[in-house]
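# A look at the structure
The lines below spell out each chain.
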Amino acid sequence: MVQILLAIFFRGVIAFAAEDACVSFNSDFPESASSLVKDCTLGNYSEKCFPVDRDHKKPFRLLNAKSDHVAICVHGLSDSPYYLKDVAQCIGEEGFEVWGIRLRGHVDEDQPQRIAEGSWESWSGAVRCAVERVLKQGRKPVLCGFSTGGALALSHTFAMEPLQRASGLLLFSPAVRLPWLAETLPLGWFNFPVSSGELRYCGRYHQLYSKGVHYLKQGLAELASNAQSKAAQQQLPIPLFVYLSSDDSAIRPQAAISFSEKYFREKSYLVIGKYDLGREIESSIVRGGGRRVRLSSPLDHSALLKTQGCGQPYEVNGHFDLLCSSVKNFVRTLKENSSANIKSAER
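All residue numbers refer to positions counted from 1 along the written sequence of the respective chain. Note on the predicted model: pLDDT of at least 70 is required for a residue's local features to be given, and 80 or more for side-chain atom pairs to be given and counted; whole-chain, interface and lining totals, by contrast, use all residues. Hydrogens and water molecules were not included; the side-chain quantities draw on all heavy atoms of the structure.

Helix numbering and strand numbering both begin at the N terminus, where a helix is a DSSP run of H or I of at least 4 residues and a strand a DSSP run of E of at least 2. Within the protein chain, the regular secondary structure consists of 9 helices and 9 strands. Burial classes: relative accessible area under 20% of the type maximum marks a residue as buried, over 50% as exposed, and values in between as partly exposed (1.4 Å probe, protein chains only). Of all 347 residues assigned to the protein chain, the portion counted as buried reaches 53%. Residues count as neighbours in contact if any of their non-hydrogen atoms are within 4.5 Å of one another. Long-range contacts, defined as pairs at least 24 residues apart, comprise 73% of the intrachain contacts of the protein chain with a sequence gap of at least 6. Accessible surface for the protein chain amounts to roughly 16200 Å². Of this, 54% is attributable to carbon and sulfur atoms. Accessible surface area values rest on a Shrake-Rupley calculation with a 1.4 Å probe, where residue burial reflects the displayed protein chains alone.

This part covers the pairing of strand E3 (residues 69–74). Counted residue by residue, E3 has 6 buried out of 6 residues, so it is predominantly covered. Here, a strand pair is defined by DSSP locating no fewer than two bridges between the strands. Here 6 bridges tie E3 to strand E5 (residues 140–146), and the two strands are oriented parallel to one another. Directly across from Val70, in E5, lies its bridge partner Pro141. Tracing the backbone out of E3, into helix H2 (residues 85–92) and back to the parallel element strand E4 (residues 97–101) gives a crossover that is right-handed. Handedness of a crossover: with both strands directed away from the viewer, a clockwise path from the first strand across the helix to the second marks it as right-handed.

Our focus in this paragraph is the state of the cysteines. To count as a disulfide, a pair of cysteine sulfur atoms needs to be within 2.5 Å. Within this structure, the stated rule accounts for 2 disulfides. Covalently, Cys22 is tied to Cys129 through a disulfide, its sulfur atoms 2.1 Å apart. One quick way to see it: the torsion about the S-S bond of Cys22 and Cys129 is about -95°, and its sign makes the bridge left-handed. Of this pair, Cys22 sits in helix H1 (residues 2–28) while Cys129 sits in helix H3 (residues 120–136), and the two are 107 residues apart along the sequence.

A few words on the nonpolar core. In terms of nonpolar packing, the biggest core is built from 56 residues, with Ile72, Ile101, Leu154, Phe158, Leu169, Phe259 and Phe264 touching the most fellow members. Looking at which element gives the most residues to this core, the answer is H3, with 8 residues. If we skip the residues at most four places from it in the chain, Leu169 touches Leu143, Ala153, Leu154, Thr157, Ile238, Pro239, Leu240, Phe241, Phe264 and Phe330. Among the buried residues, those of types Ala, Val, Leu, Ile, Met, Phe, Trp, Tyr and Cys that are joined through side-chain atoms within 4.5 Å form a nonpolar core.

The length a helix should cover is 1.5 Å for every residue beyond the first. Counted at 1.5 Å a residue, the expected span for helix H4 (residues 148–159) with its 12 residues is 16 Å, and the 16 Å between its end C-alpha atoms agrees. Among the residues of H4, those classed as buried are Thr148, Gly149, Gly150, Ala151, Leu152, Ala153, Leu154, Ser155, His156, Thr157 and Phe158. Its buried side turned inward, H4 meets E3, H3, E5, strand E6 (169–172), helix H6 (210–230) and helix H7 (253–263).

Moving on, we get to the confidence of the model for the protein chain. In this model, the protein chain carries an average pLDDT of 83, and 81% of its residues clear a pLDDT of 70 or more. Every residue gets a pLDDT, meaning the predictor's confidence in that residue, from 0 to 100. Every residue in residues 5–17 scores below 50 in pLDDT, and together they form 0 contacts with partners more than four places removed in sequence or on other chains.

Let us look at the environment of Ser24. Mapping Ser24 onto the fold places it in helix H1. Taking C-alpha positions, Ser24 is 9.9 Å from Leu103, a pair spaced 79 residues apart along the chain. Under this definition, polar contacts are N or O atom pairs within 3.5 Å; protein pairs additionally need one hydrogen-donor-capable and one acceptor-capable atom, and for neighbouring residues in sequence, both atoms have to be side-chain atoms. Polar contacts involving the side chain of Ser24 include one to the side chain of Arg104, which spans 3.2 Å.

Let's shift gears to the pattern of salt bridges. For salt bridges, the criterion is a side-chain nitrogen of Lys or Arg within 4 Å of an Asp or Glu carboxyl oxygen. By the definition in use, this model includes 16 salt bridges. A salt bridge links Arg61 to Asp39; the shortest N-O distance between them is 2.8 Å. In this pair, Arg61 is assigned in strand E2 (residues 60–63) and Asp39 in strand E1 (residues 38–41), connecting sequence segments 22 residues apart. On the accessibility criterion, Arg61 (4% relative accessible area) is buried. Residue classification places Asp39 among the partly exposed positions, given a relative accessible area of 30%. A salt bridge links Asp68 to Lys140, with the shortest nitrogen-to-oxygen separation between them at 3.7 Å. Of this pair, Asp68 sits in the loop between E2 and E3 while Lys140 sits in strand E5, and the two are 72 residues apart along the sequence. Asp68 gets classed as partly exposed once you look at its relative accessible area, which sits at 32%. Owing to a relative accessible area of 31%, Lys140 belongs among the partly exposed residues under this scheme.

All right, on to the packing of H7 against helix H8 (residues 279–287) then. Closest axis-to-axis distance for the H7/H8 pair is 10 Å, and the angle between their directions is 50°. Here H8 runs oblique to H7, going by the angle between their axes. Of the two possible hands of crossing, H7 and H8 adopt the one that is left-handed. Of H8, the residues touching H7 (which contributes Gln254, Ile257, Ser258 and Glu261) are Ile281, Ser284, Ile285 and Arg287. Note on geometry: axes are lines fitted to C-alpha atoms, helical ones only across the stretch in contact, with angles between N-to-C directions running from 0 to 180 degrees. The scheme is simple: roughly parallel for angles under 35 degrees, roughly antiparallel for over 145, roughly perpendicular for 65 to 115, oblique for anything else. The sense of a crossing depends on the near helix, which, turned anticlockwise from the far helix by less than a right angle, makes the crossing left-handed and, turned clockwise, makes it right-handed.

Once that is clear, we can look at the side chain of His156. Note on placement: His156 falls in helix H4. Given the relative accessible area of 6%, His156 is considered buried. Ignoring any residue separated from it by four or fewer positions in sequence, one finds His156 in contact with Val127, Arg128, Val131, Leu143, Gln164 and Arg165.

Looking now at H2. Among the 8 residues of H2, 8 are classified as buried, and the element is accordingly described as predominantly covered. Those residues of H2 that fall on the buried side of the exposure criterion are Lys85, Asp86, Val87, Ala88, Gln89, Cys90, Ile91 and Gly92.

As structure tokens, this is what we get:
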């Protein structure tokens, strides 16, 4: 009897948390036009959609009512939706509608400590609510995530049943594993800065606080558990694209490749950087239909913006065009797969 009552209680808690996540998401990302979200229409994607002022922290929509796909872009820790704007434009140019959502606690770049207001549950809840909204519209969701956003995309994939999952995943420097020190230190007791006070790129907050890393660690533990239990029998048939730098010190790039190889059937890679990842990992890249581009100098965790300034003289990312073309090829593949499935169903 006690066990039954406890089960009912915990189900109620989970249902309340899920409802609360959607209330928060709907408030931050309303379905209709709103001053809270930057909206642009197909053929009008430009810097005007992402002004370099306080507005660039807002969620955004690159609208295309004719598209049967919606790409949901999920930013990383201490980032903003703006940080995925150039990747979003590459996807939008191929005909997808694109949404850039904002995770709770990422409100003001001058108050990065407010990341403590978020939680893994609220972040994963926002992703789930966005996917549910797309599905209710009769369209196909595609998850696009950077770093923690990549972990959230994977977490949603392994937590949901097949009909509730995205039809494709684009992961940029996905945080599948963290460096040893970040995984080892107890970072959840207090909320203190764990990075310098420099804002290196436009769209990023001045500092990263420990609570955010603690929430991510909780989520990665959940992801590992769900992946082992749900995908033990066969690899997932969801198309996957992974972009990584072999020189990335914020995550473990080898772990991201190994995870993709273990759990996904259809995957492709773009790995750039100076260093090798080991013979087995390098062969996985080739086996997965991926590319390996060697650079003369290292490239760090953050290389998704075409231009990395913020109202300052821009530093141009010389590798972005390669990334954009790879993303567009993957999006075309998703569209072709969708068309083939429709034709097969009509027979």
